[in-house]
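In case you want the letters, here they are:
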Amino acid sequence: MIHEDKLAALRGDDPRDLLRWALREHGEPPPKLYATSNEDAGGKAARTALADGAELVVVCGGDGTVSACAAALAGTGIPMAVIPIGTGNLVARNLGVPRDVEEAVAVAVNGVDQAIDLGRLDDGVMVGMAGVGLDAAMVQDAPRWLKRRIGWPAYVVSLVRHLADQGFAATIEVDGRRTRHKHVRMVVIGNVGALHGGISLFPDARPDDGVLEVAILAPRTVFGWASVVARLVRGGGRSPVVERLRGRHIVVRGRRPLRREADGEPLADGRVLDVKVAPKALLLRLKQPLDR
């Protein structure tokens, strides 16, 4: 499944041709192609592929396309491979999917299938991360033209614009245990650990351990974000500005509607972000099994 606009931004070989050649070399028939669009990030295309008897779904796109297809494939036992040609490609980076298109195609044909967890939301799934606050504002306001031109660094431009945004009060429930926070700037729920730029938000995250990670970031000032970055770079435990929790069912409730996102795609603003783990719900084709 490939969005036509994204193909124009590719440098190098067309993944459709590479996939055809790789399958032919293995004596397999050519793949059926299902286009995504601005109206369908991939869910409808993936369901159509399943109805047509697909034994493997190869997703060409970014985190939003991966998430939409994962929602359709969850629980089916049909593996999904990823050729990362999107803006962020956070899921692919965390799971070791090659950035090179030709290498990613080779993994799609020759890789191993790994069962990973998903986070279930009311309106979809989360493969990598979801959140409210600063990260959602960053995702929502990143200029589309700049993302096409420079990729994930476009998010930095949007991030800087929102560093001074007002904090919010939130109740965070982890497996039924509630904590109240008066001045939160961002809450992130993760199935994987690393952000862009080599920063590890969740050092102990594993996408197949049946639990989700939670990070509560609460700097008081713009300059307080420097302390947040320093804490993330150093790692470590509990602090006034970065608190980490983990559990199977995470609910974030705000007193007012909050900006929300999942896998780099904007969600409608809302007072609640409710994510429940679906253990090993998705078969993902990887270069090698996840390290234990």
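Let me begin by describing the structure that accompanies this report. All of these numbers come straight from a predicted model, not from anything done at the bench.

### Concerning the pattern of salt bridges
Side-chain pairs of opposite charge can arise whenever the charged atoms involved come near each other.
Here's step 1: Enumeration according to the criterion identifies 8 salt bridges in this entry.
Here's step 2: In this structure, Arg 246 engages Asp 209 in a salt bridge whose closest nitrogen and oxygen atoms are separated by 3.2 Å. Placement of the pair is Arg 246 in strand β10 (residues 242–247) and Asp 209 in the loop between β8 (186–190) and β9 (212–217), with a sequence separation of 37 residues.
Here's step 3: Relative accessible area serves as the criterion here: at 44%, Arg 246 is assigned to the partly exposed category.
Here's step 4: Looking at Asp 209, the relative accessible area reads 29%, which means it is partly exposed.

### Structural notes on the nonpolar core
Here's step 1: In terms of nonpolar packing, the biggest core is built from 44 residues, with Met 80, Leu 95, Leu 118 and Val 127 touching the most fellow members.
Here's step 2: One finds Leu 258, Ala 262, Leu 273 and Val 275 within the second-largest nonpolar core, a separate group that totals 22 residues.

### What about the pairing of β9?
Here's step 1: Within β9, 6 of the 6 residues are buried, which leaves the element mostly enclosed by the surrounding structure.
Here's step 2: Residues Leu 212, Val 214 and Ile 216 line one face of β9 and the alternating positions Glu 213, Ala 215 and Leu 217 line the opposite face, and both faces are buried.
Here's step 3: Looking at chain direction, β8 and β9 are connected through 5 bridges and run antiparallel. Residue Ile 189 lies in a different strand from β9, and its bridge partner there is Val 214.
Here's step 4: Sheet topology note: the β9/β10 ladder contains 6 bridges and is antiparallel. For Ile 216, the partnering residue across the bridge sits in β10 and is Glu 243.

Criteria and thresholds
Residues numbered from 1 in each chain as written. Predicted model: local features only at pLDDT ≥ 70, side-chain atom pairs only at ≥ 80, totals over all residues. Heavy atoms only, no water. Salt bridge = Lys/Arg side-chain N within 4 Å of Asp/Glu carboxyl O. Helix = DSSP H or I, 4+ residues; strand = E, 2+ residues; numbered from the N terminus. Buried < 20%, exposed > 50% of the residue type's maximum accessible area, 1.4 Å probe, protein only. Core = buried A, V, L, I, M, F, W, Y, C linked by side-chain atoms within 4.5 Å. Pairing = 2+ DSSP bridges.

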